[in-house]
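Here's the letter readout for the chains.
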Amino acid sequence: MLNRKNKLLLLKLLSLFSVVRGYNILMIALAQYLASIYILSPDLPLRKVVFDLNLFFIVISSAMVVASGYIINNFYDAEKDLINKPKKSMLDRLVSQRFKLTTYFILNLLAVIAASYVSFRAVFFFSAYVFGIWLYSHKLKRVPFMGNVVSATLAIAPFFAVFVYYKNFQTVIFVHAVFLFLLILVREMVKDLENIAGDMAQNYKTIPILYGPRFSKMGISILVVLTLIPSVMLFLYFDVGYMYLYFVGCIGLLIMFLMMLWRAKTKLHYVGLHNILKFIIILGVFSILLIDIDLILKRFQQWNII
């Protein structure tokens, strides 16, 4: 049995994990490695990719910057989250604001140090990434629509880092990036509808507050239609292997999402819509494995698994 002191320590660790959204960071790291193995460098031996120290430090730097980004975002949104996410907010408050800020600076410093192993350009990229996240949290997130666009751009930045590292500039990768960007942008717009109560209380000028939920739904609908374009292109005009099943499924889910969007009225409805988008994104990470089944078998053979 854990004593009182150990229970408090465990709760604080859970609180910090909640603040930095550790599950999201693990998913981003996994997505970076899967994209590197199956999309960006399919011709390289598995061991060369997995044990590439440059890639490892890029992934580590990304993870630490993203974690610090969640911390600074949590710091600025503390009051708003008390309204929008009361249960999560109470857990997050087990860790002091001072400790959060100290962790924020330490993570950013370690991220830049890790990036220095790769190259000076990596140091510049991650330094700019840190600044971009701070600027978004401090100022830009309050700007209607621009805040949503910047947030979506920052979300795909870790994949851009890996993309540039492998210098793979194929059109199919660009279309993949557009699909992911639009999907994340839709999610950011839905979050504004989901968090309208807290945003209004803290005087945030989001689209649903300035122009109303109906106008926001129209904008989201346009973005969903735009998202359908790269998803259709990917399975009609590019060789994505069995991943075409994922994009076909996405089209069905996004059409269902649109129907549910126009019926949504309560916070619970918008949370459900948000979860649909999260499911599509997470499913997309694991669907990368479907691009080349033969390559998967080859990778297993390289590890002497089969």
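(A) Representation of the nonpolar core in the model. One finds Tyr-129, Val-186, Ile-220 and Phe-257 to be the most contacted residues of the largest nonpolar core, which totals 85 residues. The biggest single contributor to this core is helix H10 (residues 171–194), with 13 residues. Residue contacts for Tyr-129: discarding those within four places in its chain leaves Val-65, Val-66, Leu-154, Ala-157 and Pro-158.

(B) Layout of the side chain of Ser-287. Secondary-structure assignment places Ser-287 in helix H15 (residues 267–287). With relative accessibility at 6%, the residue Ser-287 sits in the buried group. Polar side-chain contacts of Ser-287 include one of 2.7 Å to the backbone oxygen of Leu-283. Apart from residues no more than four positions distant in its own chain, Ser-287 is found in contact with Met-243 and Tyr-246.

(C) Focus on the packing of helix H8 (residues 120–138) against helix H9 (residues 146–166). Taken N-terminus to C-terminus, the directions of H8 and H9 make an angle of 160°; their axes are 11 Å apart at the nearest point. By the criterion of interaxial angle, the relationship of H8 to H9 is roughly antiparallel. In the packing of H8 onto H9, the handedness of the crossing is left-handed. Mapping the contact onto sequence places Phe-125, Phe-126, Tyr-129, Gly-132, Ile-133 and Tyr-136 in H8 and Gly-147, Val-150, Ser-151, Leu-154, Ala-157, Pro-158, Phe-160 and Ala-161 in H9. Of the residues assigned to the contact of H8 with H9, the class counts are 11 nonpolar, 3 polar and no charged.

(D) A look at helix H7 (residues 97–116). When the terminal C-alpha atoms of H7 are compared, their 29 Å separation across 20 residues agrees well with the 28 Å that a helix rising 1.5 Å per residue should span. Considered for burial, the residues of H7 that qualify are Lys-100, Thr-103, Tyr-104, Leu-107, Asn-108, Ala-111, Ala-114 and Ala-115. With its buried residues spanning 135° around the axis, H7 presents them on a single face. Away from its buried face, by an angle of more than 90 degrees, H7 presents the exposed residues Arg-98, Phe-105 and Leu-109.

(E) Up close: the packing of aromatic side chains. Taken as a whole and assessed by the stated rule, the structure comprises 13 aromatic pairs. Where Tyr-246 meets Phe-247, the ring centres are 5.1 Å apart and the plane angle is 70°; that geometry is what we call edge-to-face. In terms of burial, Tyr-246 and Phe-247 fall into one category: buried. Put simply, the rings of Phe-125, Phe-126, Tyr-129, Phe-160 and Phe-163 pair up and form one aromatic cluster.

(F) Main features of the packing of helix H13 (residues 213–236) against helix H14 (residues 244–263). Contact geometry for H13 and H14: axes closest at 10 Å, N-to-C directions at 165°. What the angle tells us is that H13 and H14 run roughly antiparallel. Of the two possible hands of crossing, H13 and H14 adopt the one that is left-handed. Between H13, through Arg-214, Lys-217, Met-218, Ile-220, Ser-221, Val-224, Thr-227, Leu-228, Ser-231, Val-232, Leu-234 and Phe-235, and H14, the contact on the second element is made entirely by Tyr-244, Phe-247, Val-248, Ile-251, Leu-254, Phe-257, Leu-258, Leu-261 and Trp-262. Residue classes in the contact of H13 with H14 are distributed as 16 nonpolar, 3 polar and 2 charged.

(G) Spotlight on unusual backbone geometry. The phi dihedral of Phe-145 is positive, around 65°, even though this residue is not glycine. Residue placement: Phe-145 occurs in the loop between H8 and H9. What makes Phe-145 partly exposed here is its relative accessible area of 38%.

(H) Geometry of helix H4 (residues 53–76). Here H4 is 24 residues long and its end C-alpha atoms lie 35 Å apart, about the 34 Å a rise of 1.5 Å per residue gives. In terms of burial, H4 is a largely internal element, 17 of the 24 residues being buried.

(I) The side chain of Ser-231, seen in detail. Along the chain, Ser-231 turns up in helix H13. Judged by relative accessible area, which is 0%, Ser-231 ranks as buried. A distance of 3.4 Å separates a polar atom in the side chain of Ser-231 from the backbone oxygen of Thr-227. For Ser-231, the contacting residues outside a window of four places in its chain are Phe-179, Phe-247 and Ile-251.

Each value, and the rule that gives it
- Residues numbered from 1 in each chain as written.
- Predicted model: local features only at pLDDT ≥ 70, side-chain atom pairs only at ≥ 80, totals over all residues.
- Heavy atoms only, no water.
- Core = buried A, V, L, I, M, F, W, Y, C linked by side-chain atoms within 4.5 Å.
- Buried < 20%, exposed > 50% of the residue type's maximum accessible area, 1.4 Å probe, protein only.
- Helix = DSSP H or I, 4+ residues; strand = E, 2+ residues; numbered from the N terminus.
- Contact = heavy atoms within 4.5 Å.
- Polar contact = N/O pair within 3.5 Å; in protein donor to acceptor, adjacent residues only side chain to side chain.
- Axes fitted to C-alpha atoms, helices over the stretch in contact; angles between N-to-C directions.
- Parallel < 35°, antiparallel > 145°, perpendicular 65-115°, else oblique.
- Left-handed = near helix turned anticlockwise from the far one by under 90°.
- Nonpolar A, V, L, I, M, F, W, Y, C, P; charged D, E, K, R; others polar.
- Expected span 1.5 Å × (residues − 1).
- Arc of directions from axis to C-beta.
- Phe/Tyr/Trp six-rings, centres within 6.5 Å; stacked < 30°, edge-to-face > 60°.

By themselves, these are just geometric observations and shouldn't be taken as functional.
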